[in-house]
Amino acid sequence: GGFPTGGLLADVLLIALTDTGVPVWALASDTLDGPPGIRESTEGELLGEGRDSRLLPGGRLVVADSSRALAVLFDDPPRAHSPRSGTRAVTLFAVQVGGVPTLFAEEALWSAASALEVP
């Protein structure tokens, strides 16, 4: 299809997007404190860790777990929460927006998860 490879995970996420039109993101499961959800950021909340962290303005929609922001909605997660070499488990998520049938979001997640399963 003319897309350069970005590695297994990046390729799987790209295939899910091109097949369904629904983007799927991945988080390193070992960096999560509970399941991810969507909420507004608080003024000065940190996104990321260490040198790569940045302060968020209040009211920005973020994907967050029970203790912190993991990514700005529709952006890639920062390195602190991104799967990397040696990551053994990932948490996949998609955002279903109005007008997009549930089936499309489910298919995007299913196809990505199926492609990443270890036989």
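Residues numbered from 1 in each chain as written. Predicted model: local features only at pLDDT ≥ 70, side-chain atom pairs only at ≥ 80, totals over all residues. Heavy atoms only, no water.

A.B. asks: Looking at this structure, how should I read the overall build of the protein?
C.D. replies: A tally of helices and strands in the protein yields two helices and seven strands. Going residue by residue from the N terminus, the α and β elements of the protein occur as α-β-β-β-β-β-β-β-α. Its C-alpha atoms give the protein a radius of gyration of 15 Å, within 12% of the compact-globule value 14 Å for 119 residues. On the principal axes, the C-alpha backbone points of the protein span a range of 40 × 35 × 30 Å. When each of the 119 residues of the protein is scored for burial, the buried share is 31%. Across the protein, every contact between residues at least 6 apart in sequence was considered, and the portion connecting residues at least 24 apart equals 55%. Each charge sign in the protein was given a centre, from 8 positive and 15 negative side chains, and these centres are 10 Å apart. (Helix = DSSP H or I, 4+ residues; strand = E, 2+ residues; numbered from the N terminus. Rg over C-alpha atoms; globule rule 2.2 N^0.38 Å. Buried < 20%, exposed > 50% of the residue type's maximum accessible area, 1.4 Å probe, protein only. Contact = heavy atoms within 4.5 Å. Lys, Arg positive; Asp, Glu negative; His and termini not counted. Charge placed at Lys NZ, Arg CZ, Asp CG, Glu CD.)

A.B. asks: What is the right way to look at the packing of helix 1 (residues 8–20) against helix 2 (residues 102–116) in this model?
C.D. replies: The relative placement of two packed helices is expressed as an angle between their axes plus a distance between the axes. Between helix 1 and helix 2, whose axes approach to 9 Å, the crossing angle comes to 150°. With respect to each other, helix 1 and helix 2 are oriented roughly antiparallel. Crossing of helix 1 against helix 2: the hand is right-handed. Note on element contacts: helix 2 touches helix 1 through Phe-104, Glu-107, Ala-108, Ser-111, Ala-112, Ala-115 and Leu-116, opposite Leu-8, Leu-9, Val-12, Leu-13, Ala-16 and Thr-20. Looking at side-chain class alone, the contact of helix 1 with helix 2 contains ten nonpolar, two polar and one charged residues. (Axes fitted to C-alpha atoms, helices over the stretch in contact; angles between N-to-C directions. Parallel < 35°, antiparallel > 145°, perpendicular 65-115°, else oblique. Left-handed = near helix turned anticlockwise from the far one by under 90°. Nonpolar A, V, L, I, M, F, W, Y, C, P; charged D, E, K, R; others polar.)

A.B. asks: I'm lost on unusual backbone geometry in this one. Help?
C.D. replies: Trans peptide bonds make up most of the peptide bonds, and negative phi angles are found at most residues other than glycine. Phi is positive for Phe-74, close to 75°, though the residue is something other than glycine. Residue placement: Phe-74 occurs in the loop between strand 6 (69–72) and strand 7 (90–93). Here Phe-74 falls in the partly exposed class, since its relative accessible area comes to 47%.

A.B. asks: It is not clear to me how helix 2 should be interpreted in this structure. Could you clarify?
C.D. replies: Residues that lie three or four places apart on an α-helix share one face, since the helix turns once every 3.6 residues. The terminal C-alpha atoms of helix 2, which comprises 15 residues, lie 22 Å apart, in line with the 21 Å expected from a rise of 1.5 Å per residue. Taken as a whole, helix 2 has its buried residues at Ala-105, Ala-108 and Ala-112. Taken down its axis, helix 2 places every buried residue within 60° of arc, on the same side. Within helix 2, the exposed residues directed more than 90 degrees away from the buried face are Leu-103 and Trp-110. Elements that come into contact with the buried residues of helix 2 comprise helix 1 and strand 7. (Expected span 1.5 Å × (residues − 1). Arc of directions from axis to C-beta.)

A.B. asks: Can you walk me through helix 1 in this structure?
C.D. replies: With 13 residues, helix 1 extends 18 Å between its outermost C-alpha atoms, agreeing within 8% with the 18 Å of an ideal straight helix rising 1.5 Å per residue. For helix 1, every residue scored as buried is listed here: Val-12, Leu-13, Ala-16 and Thr-20. For helix 1, the arc enclosing every buried residue in end-on projection is 95°, short of the 170-degree limit, so these residues lie on one face. Tucked inside the fold, the buried residues of helix 1 contact strand 1 (25–28), strand 7 and helix 2. Looking one or two places after helix 1, you find Gly-21, whose phi comes out positive at around 80°.

Keep in mind that these numbers describe shape and distance, not what the molecule does.
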